[in-house]
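A look at the structure
The residues making up each chain are set out below.
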Amino acid sequence: MKFKHLALAAGIAIAAGPTLATEAFDTCARAASSQYETGYADIGKDSGEIDIAAATEACQAALAEDPASLQLKAWLGRIYDAAEDPTNSLPLLEEAANGGIPLAQTLYGDILIVGQQAGPDLARGNELLQQAADTGFAPAMDSLALSYDYGEGVEQDHAAALSYYRKAALLGLPRAETNTALMYLEGLGTDRDPVAASGWLLRAAGHGDARGAYNLGKLYENGDLTDPPDYASAATYYQQASDAGYPLASLALGYLMQHGYGVQADPAYAARLYQYAADNGIAQAQLNLAMLYEDGVGVSQDFAQARQLYRQAADNGLDDAAVNLGLLYLGQSGDVPDYDKALLFTQRAADIGNPIALNNLGYIHENGLGVSPDPDQARDFYQRAAELGYQPGVDNLARLEQATPPEPIGNPRVYPRSKIDN
């Protein structure tokens, strides 16, 4: 997935300050300018690198010296935006944007499109982005590309999106390099070309973009660049992205570490990686970590912790987690059975067509686990699981038809591949 903005490492600004920059102006520039602004490539920084307190003091002092400077207002607005202070950022950014400062036009345009702090006003937001992009401002090009990519306030146009992504990427914007790569990878606005995608991702990763490194790792893991897949290279790029705090990369690296693909297996490290991703709301990591706690792999066995993580993953939409939670409540791993809760969570997954859950409901009803034994109900659930191609459902249906005594339920749990869209 390509992301819409807000805390941008934003763009090229046309200086609207004093004709002769003062020391206060220069101090503010060093504290709050972007490396993508004309004339500030050597001193500019990403918004996440701004020292909020020091930059605020510097730019407030500069603005007090020259209250009419739109450039200073744009920088101070950027500081407040980075500090998540819309009360102070919005008036400054709006004034500077209306005054034609591309930096402010991009920041304020993004805010209007996202609609969390002001607006939404997609038409005005895209108008501001277009004005800034027309000046050659790379972050504005990337943001405008996102609008065309997803049809946000403009007609969806993948060719236009790719064009703006590429322009921004050629100007060295790392996130635009990743976004360009994803267009080639997905075949949007161009033919699908994993090799071209890998080239852009390599540039993005080299420029420190975590999404770029993560997606390059996926190409190596999936075998899009090598046959067989190059798990060692995948692990290298996942590690880079994980070290930069990208949760999906921690999930992907955890999977390789758990199973020893391209690396020395290290379940304990895998558990720590899953924990980081789980703490950041990644449902698949919550599921994978729950299974480690249930099995006592890489962590001490802890059924209570497993139940909690399964519940989180299930509540985040993973029906496999509801299945596994139902199995845990059935006592399949040695935990104390709770048949009412087993039925509750198994039914939840069955209601959305999970074949494992349907098979397990058949077992519950056949054996009277928390319900009255009901062979007809069991047969119906086995039939539905079988129709979805689940082999244990086929086997159980055949066994029931032959009046063969039921066997203990198997544990169909697997560790799903970490293929979650970025």
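Residues numbered from 1 in each chain as written. Predicted model: local features only at pLDDT ≥ 70, side-chain atom pairs only at ≥ 80, totals over all residues. Heavy atoms only, no water.

1. A look at the nonpolar core
Judged by nonpolar contacts, the single largest core of 100 residues is most densely connected at Tyr-214 and Tyr-310. At 8 residues, helix H13 (residues 247-259) tops the list of elements feeding residues into this core. If you look at the next biggest cluster of nonpolar residues, it comprises 34 residues, including Phe-25, Ala-31, Ile-111 and Ala-118. (Core = buried A, V, L, I, M, F, W, Y, C linked by side-chain atoms within 4.5 Å. Buried < 20%, exposed > 50% of the residue type's maximum accessible area, 1.4 Å probe, protein only. Helix = DSSP H or I, 4+ residues; strand = E, 2+ residues; numbered from the N terminus.)

2. Considering the pattern of salt bridges
A full pass over the atoms with the stated rule returns 10 salt bridges. Its salt-bridge partner being Arg-203, residue Glu-177 comes within 3.7 Å of it at the nearest N-O pair. Here the residue Glu-177 occupies a position in helix H9 (residues 174-186), and Arg-203 occupies one in helix H10 (residues 194-206), the gap between them amounting to 26 residues. Among the residues examined, Glu-177 registers a relative accessible area of 0% and is labelled buried. Through salt bridges that share partners, Arg-311, Asp-315 and Arg-348 make up one connected network. (Salt bridge = Lys/Arg side-chain N within 4 Å of Asp/Glu carboxyl O.)

3. Some remarks on helix H6 (residues 122-133)
The end-to-end C-alpha separation of H6 is 16 Å, in line with the 16 Å expected for 12 residues at 1.5 Å each. When H6 is considered as a whole, its buried residues turn out to be Gly-125, Asn-126, Leu-128, Leu-129, Ala-132 and Ala-133. The buried side chains of H6 occupy one side of the element, clustering within an arc of 155 degrees when seen end-on. Against helix H4 (86-98), helix H5 (102-114), helix H7 (138-150) and helix H8 (158-170) lie the buried residues of H6. (Expected span 1.5 Å × (residues − 1). Arc of directions from axis to C-beta. Contact = heavy atoms within 4.5 Å.)

4. Remarks on the environment of Ala-304
Structurally, the position occupied by Ala-304 is in helix H16 (residues 303-315). Given the relative accessible area of 44%, Ala-304 is considered partly exposed. Once the C-alpha coordinates of Ala-304 and Gly-281 are considered, the two residues, 23 residues apart in sequence, prove to be 19 Å apart.

5. Some thoughts on the packing of aromatic side chains
Applying the stated criterion across every chain yields a total of 9 aromatic pairs. Considering the side-chain rings of Phe-25 and Trp-75, the 5.2 Å spacing of their centres and the 55 degrees angle between planes classify their relative orientation as tilted. Here the residue Phe-25 occupies a position in helix H1 (residues 23-32), and Trp-75 occupies one in helix H3 (residues 70-82), the gap between them amounting to 50 residues. The pair Phe-25 / Trp-75 is uniform in exposure class, with both members buried. Considering the side-chain rings of Tyr-329 and Phe-345, the 6.1 Å spacing of their centres and the 15 degrees angle between planes classify their relative orientation as stacked. Pair noted here: Tyr-329 is in helix H17 (residues 319-329) and Phe-345 is in helix H18 (residues 339-350), with a separation of 16 residues, a long-range link. Taking the relative accessible area as the measure of exposure, Phe-345 reaches 3% and is therefore buried. Among the aromatic residues, those joined into a ring-pair cluster are Phe-25, Tyr-40 and Trp-75. The ring of Tyr-164 has Lys-167 sitting right over it, with the charged end atom 5.2 Å from the ring centre. (Phe/Tyr/Trp six-rings, centres within 6.5 Å; stacked < 30°, edge-to-face > 60°. Lys NZ or Arg CZ within 6 Å of the ring centre and 35° of its normal.)

6. Examining the packing of H8 against H9
Viewed as axis vectors pointing N to C, H8 and H9 meet at an angle of 145 degrees, and their least axial separation amounts to 8 Å. Crossing hand, H8 versus H9: left-handed. Contact residues: His-158, Ala-161, Leu-162, Tyr-165, Arg-166, Ala-168 and Ala-169 in H8; Ala-176, Glu-177, Asn-179, Thr-180, Met-183 and Tyr-184 in H9. Grouping the constituent residues of the contact of H8 with H9 by class yields 8 nonpolar, 3 polar and 2 charged. (Axes fitted to C-alpha atoms, helices over the stretch in contact; angles between N-to-C directions. Left-handed = near helix turned anticlockwise from the far one by under 90°. Nonpolar A, V, L, I, M, F, W, Y, C, P; charged D, E, K, R; others polar.)

7. Digging into the state of the cysteines
In the structure shown here, the tally under the stated rule is 1 disulfide. Put simply, Cys-28 and Cys-59 are joined by a disulfide, and their sulfur atoms are 2.0 Å apart. Disulfide Cys-28-Cys-59: the torsion about the S-S bond is 95 degrees, which places it as right-handed. Placement of Cys-28 in helix H1 and of Cys-59 in helix H2 (residues 52-65) is noted, with a sequence separation of 31 residues between them. For Cys-28, a relative accessible area of 0% corresponds to the buried category. (Disulfide = S-S within 2.5 Å.)

8. Topic: unusual backbone geometry
With an omega of 10 degrees, the peptide bond between Asp-227 and Pro-228 qualifies as cis. Looking at where Pro-228 falls in the secondary structure, it is placed in the loop between helix H11 (210-222) and helix H12 (231-243). One non-glycine residue, Glu-84, lies in positive phi territory at about 55 degrees. Along the polypeptide, Glu-84 turns up in the loop between H3 and H4.

9. Focus on H7
Taking 1.5 Å as the rise per residue, H7 with 13 residues should run 18 Å; its terminal C-alpha atoms sit 19 Å apart, in good agreement. Buried residues dominate H7, accounting for 12 of its 13 residues.

No statement about biological role is implied by the geometric values presented.
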